[in-house]
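# Residue-level structural notes
Here are the chains, one letter per residue:
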Amino acid sequence: MEDKLILGGKEFKSRFILGSGKYNLNLIKAAVEQGGAEIITLALRRANTSESENILDYIPKGVTLLPNTSGARNAEEAVRIARLSRAMGCGDFVKIEIMRDAKYLFPDNQETIKATEILAKEGFVVLPYMNPDLNVARDLQNAGAAAVMPLASPIGSNKGLATKAMIQILIDEIDLPIIVDAGIGKPSQACEAMEMGAAAIMANTAIATAGNIPDMAEAFKLAIQAGRKAYLTGMGRVLARGGSASDPLTGFLR
Amino acid sequence: MVRINGEEKAIAGRNLLEYLKTSGFEPDKVVVERNLEIVPRDELGNVTIQEEDSIEVLRFVGGG
């Protein structure tokens with residue numbers, strides 16, 4: 001059986017969601033292709049009459065667009081941005097991102113639940129970015145979220161799985177895809193989250209600030225695939241104490 | 001005056017679609033909000049900009 005990620009009834013082979021911020025539009029196509037990403041995030045901002053480039057021209061066909069609601073400070077603003085994004089005519093997916101905190105950029109979980117409820121009722125495929133908390137994740141599920149996106153560490157920090165134990169609880173208890181978002185800084189951390197049972201990884205800054213963006217996207221792809229395979233296979237056991245020889249314990253040369 | 005993307009402009013009375021085109025916006029690559037209501041793309045040509053309108057013209061950019 002083929003292993004697929006299903007979000008809002010849509011099937012994806014890739015478990016890598018690529019962010020498109022902080023880097024040159026000319027690199028987006030190569031990053032998507034080398035990273036094998038089938039979902040890419042975008043933001044909505046005021047248009048400027050002096051610019052001629054449009055990001056949509058750089059995203060390969062067939063890639064699902066996941067607009068975020070960045071800039072929203074409460075549920076009402078997130079709903080407004082989500083509706084405007086959908087009016088662009090690029091699908092029903094939305095990543096809810098609501099922040100009040102300017103230093104750590106932590107999401108406002110309560111407002112995120114409110115926005116999720118409104119948008120899910122309007123037929124959006126809602127992927128809420130959240131601070132990992134089991135009760136909040138349950139509320140998001142009840143509100144109609146298609147997945148839950150817990151943060152690993154602050155956005156853009158590249159600090160890795162600071163919330164590892166909390167994310168593991170969500171993976172174990174919530175019957176929705178758990179997509180680890182924010183703070184994943186290197187492929188090994190993406191791999192570790194996938195080994196834990198995460199459904200997918202969303203990364204932007206780790207790739208955008210790498211020496212070679214398309215190559216790092218590929219490194220993430222491979223790490224995510226490795227972690228997924230290890231998770232599906234089942235990890236080898238860990239001994240409480242002592243060692244266990246890997247070699248036969250008979251027939252020694254004497 | 002009319003507020004468009006935060007700037008005051010004397011454009012009341014003009015057709016919205018015609019204004020966007022002559023100002024350098026690409027109407028098929030933006031979404032327009034007028035007084036907090038979305039203007040569907042195929043209705044842009046039916047809207048006359050009114051005095052005191054508040055208009056936002058938005059497009060997708062790179063983001064996480």
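It should be emphasised that the depicted structure is a prediction, and the values quoted were computed from it without experimental measurement.

Quick look at the overall build of chain A now. What chain A contains, in helices and strands, is eight helices and 10 strands. Relative to the 2.2 N^0.38 estimate, which gives 18 Å for 254 residues, the radius of gyration of chain A is 20 Å and therefore close to what a compact globule would have. Taken along the three principal axes of its C-alpha coordinates, chain A extends 85 × 40 × 40 Å. Looking at chain A as a whole, 51% of its 254 residues qualify as buried. For chain A, contacts bridging at least 24 residues in sequence account for 65% of all contacts bridging at least 6. As displayed, chain A has an accessible area near 12300 Å², and 49% of this comes from carbon and sulfur atoms. With 28 positive and 28 negative side-chain charges, chain A shows a spacing of 3 Å between the two charge centroids.

All names here are of chain A. Turning to its location among the elements, Gln189 is positioned in helix 6 (residues 187-196). Exposure remark for Gln189: the relative accessible area of 12% places this residue in the buried category. One polar contact links the side chain of Gln189 to the main-chain amide nitrogen of Gly185, over a distance of 2.6 Å. Aside from chain neighbours lying at most four places away, what touches Gln189 is Lys159, Gly160, Leu161, Gly183 and Ile184.

All names here are of chain A. Burial of strand 6 (residues 93-96) is two-sided: the residues Phe93 and Lys95 facing one way and the residues Val94 and Ile96 facing the other way are all buried. Both strand 6 and strand 7 (residues 125-130) contribute to a ladder of four bridges, which runs parallel. Opposite Ile96, over in strand 7, you have Pro128 as the bridge partner. For the segment spanning strand 6, helix 3 (residues 109-121) and strand 7, crossover handedness is right-handed.

Turning our eyes to something else, we now look at the UniProt feature "active site" (unreviewed entry) in chain A. The feature "active site" (unreviewed entry), as given by UniProt, occupies Lys95(A) in the numbering adopted here. Here Lys95(A) is to be found in strand 6. Of the residues examined, Lys95(A) reaches a relative accessible area of 3% and is grouped as buried. Residues contacting Lys95(A), with those up to four places away along its chain left out, are Leu66(A), Pro67(A), Asn68(A), Thr69(A), Leu127(A), Tyr129(A), Met149(A), Asp181(A), Met202(A) and Gly64(B). A polar atom in the side chain of Lys95(A) sits 3.4 Å from the side chain of Glu97(A).

Residue and element names in this part refer to chain A. Following the criterion strictly, the structure yields 22 salt bridges over all chains and no others. Between Lys4 and Glu2 there is a salt bridge whose closest N-O contact spans 3.8 Å. Here Lys4 falls in the partly exposed class, since its relative accessible area comes to 30%. The residue Lys164 makes a salt bridge to Glu192 at a minimum N-O spacing of 2.6 Å. Of this pair, Lys164 sits in helix 5 (residues 164-173) while Glu192 sits in helix 6, placing them 28 residues apart in sequence. For Lys164, a relative accessible area of 35% corresponds to the partly exposed category. A cluster of three or more residues bridged by salt bridges with shared partners is formed by Glu2, Lys4 and Glu11.

Glancing now at the pairing of strand 10 (residues 200-203) of chain A. Residues and elements named next belong to chain A. Side chains Ala200 and Met202 project from strand 10 onto one buried face, and the interleaved Ile201 and Ala203 project onto a second face that is buried too. Across three bridges, the pairing between strand 3 (residues 16-19) and strand 10 is parallel. Directly across from Leu18, in strand 10, lies its bridge partner Ala203. As defined by bridge partners, strand 9 (residues 179-181) adjoins strand 10 across three bridges and the pair is classed as parallel. By the bridge assignment, Asp181 is partnered in strand 10 with Met202. The handedness of the strand 9 to strand 10 crossover, carried by helix 6, is right-handed.

About the cut-offs
Residues numbered from 1 in each chain as written. Chains lettered and ligands numbered in written order. Predicted model: local features only at pLDDT ≥ 70, side-chain atom pairs only at ≥ 80, totals over all residues. Heavy atoms only, no water. Helix = DSSP H or I, 4+ residues; strand = E, 2+ residues; numbered from the N terminus. Rg over C-alpha atoms; globule rule 2.2 N^0.38 Å. Buried < 20%, exposed > 50% of the residue type's maximum accessible area, 1.4 Å probe, protein only. Contact = heavy atoms within 4.5 Å. Areas by Shrake-Rupley, 256 points an atom, 1.4 Å probe, with all protein chains shown as cover. Lys, Arg positive; Asp, Glu negative; His and termini not counted. Charge placed at Lys NZ, Arg CZ, Asp CG, Glu CD. Polar contact = N/O pair within 3.5 Å; in protein donor to acceptor, adjacent residues only side chain to side chain. Pairing = 2+ DSSP bridges. Right-handed = clockwise from strand over helix to strand, strands pointing away. UniProt positions renumbered as here; feature names shortened; annotations may be inferred. Salt bridge = Lys/Arg side-chain N within 4 Å of Asp/Glu carboxyl O.

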